[in-house]
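The residues making up each chain are set out below.
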Amino acid sequence: MLAGWHVTNGAMARRYVGVGEGPPDRPVSGRRADTEADKGMVYDGAPVPHTERTKSSDHRAFVALGSNVGNRLGMIERACLEMNTEAGVRVVRTSGLYETTPMYYEDQDPFLNGACEIETSLAPTELLDVLQDIERRLGREKLVEKGPRCIDLDILLYDDKRVSSNRLTVPHASLLEREFVLRPLCDLIPNRVVPSFQSQGSVSEHLDLVSTRSPVMSTAVEVCPVQPPIRAMDPKRCTRVMSILNVTPDSFSDGGKNLTSDQAVLGATIKEQIAAGATIIDIGGQSSRPHAPSISPGEELSRILPAIRAIKSLPEAENVAISIDTYRAAVAAAAFDAGAHIINDISAGTLDPDMLPTMAELGCTVCLMHMRGTPDTMTSKENCTYPNGLIPTIAHELLDRV
């Protein structure tokens, strides 16, 4: 989905787990937790008995994600997947990923920063232990204070509790001064009031106080290894042009003129598109016009794969991203194996129940489109009726798919 993330079950900046920054300026009143894991931990409110922490959904926490070393996106995705393998932890939602300039120690590469919402049965210190162990397994080394790091996992919020110990401060001690934390958190809980030690206010209100205008902090969506990320919120971003290559006999846009497996003919068409400014080429092998006949996955691939080979054979296309317009999971997987970078599904996964899991397994960038019904039913009265307004309805239904 060209909106922030690769599609996985999940989507970093600090000291060593940057939540361990000492007690707040003001002491916190409250009773101490009654478990060994929380020994020395002070809660703002009643303790959480161990007997009540048996289900992964007992508590809700928000974890900051960050990386500025190596494959930043891949490392964040691995961290989210690692969290899901831990007993008592489940990733529920992820924010967009934002490309950010370093704060504090500035002589280092830009970060990708995000946040995720988790359900957990673990006490705060137990969760901290899990996150630090994931960091170690993924190769995190603290060499420079606030310096480069391959992965960074910080507890930002844990229920509505205030927590203070020599290892952990929740809410995170620097939460309210960091735009790179507040902005992704605002994707998830913009109206939630932060139980701050110093002030009250929603996440979005605190973001307004620290928000900068230059450089613009934008989501960053990786399209393919040979292109820089799409920074959709940056007004100075370069425009990406997606050119359509329909290799079908019945396309309503080109009348089937590109239905050929002749590499020379395909190559000539592709060169024309690149010369005209295309940076992404979207290949379609199954027409989606109203009442278009459905072909088999094998026939669809017999049309798509020669086009992929043609693109990859051209020196002119070495920096071009390949998108596959399909709603079939098997076709998407085979195209990805052949070298495609993006899956463009007109149905957003509604026409094939295996599509979304396949996208997640492939770890690729996807474009989720809005569609009602199927090509046979999309023009029915029911599917063309929008009593709550066209744009609000499309936005609501597409958000549900995302």
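To keep things clear, this report deals only with the structure shown in the data block. Since the model is a prediction, treat every value here as computed from it, not as a measurement.

Calculation criteria
Residues numbered from 1 in each chain as written. Predicted model: local features only at pLDDT ≥ 70, side-chain atom pairs only at ≥ 80, totals over all residues. Heavy atoms only, no water. Phe/Tyr/Trp six-rings, centres within 6.5 Å; stacked < 30°, edge-to-face > 60°. Lys NZ or Arg CZ within 6 Å of the ring centre and 35° of its normal. Helix = DSSP H or I, 4+ residues; strand = E, 2+ residues; numbered from the N terminus. Buried < 20%, exposed > 50% of the residue type's maximum accessible area, 1.4 Å probe, protein only. Arc of directions from axis to C-beta. Contact = heavy atoms within 4.5 Å. Pairing = 2+ DSSP bridges. Core = buried A, V, L, I, M, F, W, Y, C linked by side-chain atoms within 4.5 Å. Polar contact = N/O pair within 3.5 Å; in protein donor to acceptor, adjacent residues only side chain to side chain. Axes fitted to C-alpha atoms, helices over the stretch in contact; angles between N-to-C directions. Left-handed = near helix turned anticlockwise from the far one by under 90°. Nonpolar A, V, L, I, M, F, W, Y, C, P; charged D, E, K, R; others polar. Salt bridge = Lys/Arg side-chain N within 4 Å of Asp/Glu carboxyl O.

**Overview of the packing of aromatic side chains**
Applying the stated rule across the entire model yields zero aromatic pairs. A cation over an aromatic ring shows up here: Arg372 above the ring of Tyr386, its NZ or CZ 4.2 Å from the ring centre.

**Re the environment of Ile155**
Turning to its location among the elements, Ile155 is positioned in strand S6 (residues 152-158). Residue classification places Ile155 among the buried positions, given a relative accessible area of 0%.

**Looking at helix H4 (residues 203-210)**
Buried residues of H4: Val203, His206 and Leu207, and no others. One face of H4 carries all of its buried residues, which in axial projection span an arc of 105 degrees. Exposed residues on H4 whose side chains face more than 90 degrees from its buried face are Asp208 and Leu209. Its buried side turned inward, H4 meets helix H3 (179-188).

**A look at the pairing of strand S2 (residues 59-67)**
Burial runs high along S2: eight of the nine residues are buried. In this sheet, strand S5 (residues 111-120) lies alongside S2 in antiparallel orientation, the contact comprising nine bridges. The partner of Leu65 across the bridge, within S5, is Gly114.

**Considerations on the nonpolar core**
Within the largest apolar cluster, 31 residues are counted, with the highest numbers of intra-cluster contacts made by Leu65, Met83, Ile118, Leu127, Ile151 and Leu153. For this core, the elements supplying multiple residues, two or more each, are S2, helix H1 (72-85), strand S3 (89-94), S5, helix H2 (124-137) and S6. Take this core: its biggest share by element is six residues, from H1. Those residues within four positions of Ile118 in sequence are excluded, and the remaining contacts are His59, Arg60, Ala61, Val63, Met83, Val89, Arg90, Val91, Val92 and Leu127. Judged by nonpolar contacts, the second largest core, of 21 residues, contains Val247, Ile274, Ala317 and Ile324.

**Overview of the side chain of Asn68**
Mapped onto the secondary structure, Asn68 falls in the loop between S2 and H1. Within the structure, Asn68 has its side chain in polar contact with the backbone oxygen of Asp109 (distance 3.0 Å). The contact partners of Asn68, leaving out residues within four places of it in the chain, are Gln108, Asp109, Pro110, Phe111, Pro148 and Arg149.

**Section: the environment of Arg140**
Of note, Arg140 is situated in the loop between H2 and S6. Separated by 12 residues in the primary sequence, Arg140 and Asp152 have C-alpha atoms spaced 7.8 Å apart. A distance of 3.3 Å separates the side chain of Arg140 from the side chain of Asp152, its partner in a polar contact.

**Side note on the packing of H3 against H4**
Where H3 meets H4, the closest approach of the two axes is 9 Å, and the angle between their N-to-C directions is 145 degrees. Viewed along their axes, H3 and H4 form a crossing whose handedness is left-handed. Listed contacts from H4 to Glu179, Leu182, Arg183, Leu185 and Cys186 of H3 are Val203, Ser204, His206, Leu207 and Val210. Across the contact of H3 with H4, the residue classes tally to six nonpolar, two polar and two charged.

**Observations concerning the pattern of salt bridges**
This model, assessed by the stated rule, comprises 20 salt bridges. A salt bridge links Glu82 to Arg137; the shortest N-O distance between them is 2.6 Å. With a gap of 55 residues between them, Glu82 in helix H1 and Arg137 in helix H2 connect regions that are remote in the sequence. Given a relative accessible area of 24%, Glu82 falls into the partly exposed group. With a relative accessible area of 39%, Arg137 lands in the partly exposed category. The closest approach of N and O atoms between Arg90 and Glu119, which form a salt bridge, is 3.0 Å. Residue Arg90 is found in strand S3, and its partner Glu119 is found in strand S5; the two are separated by 29 residues along the sequence.

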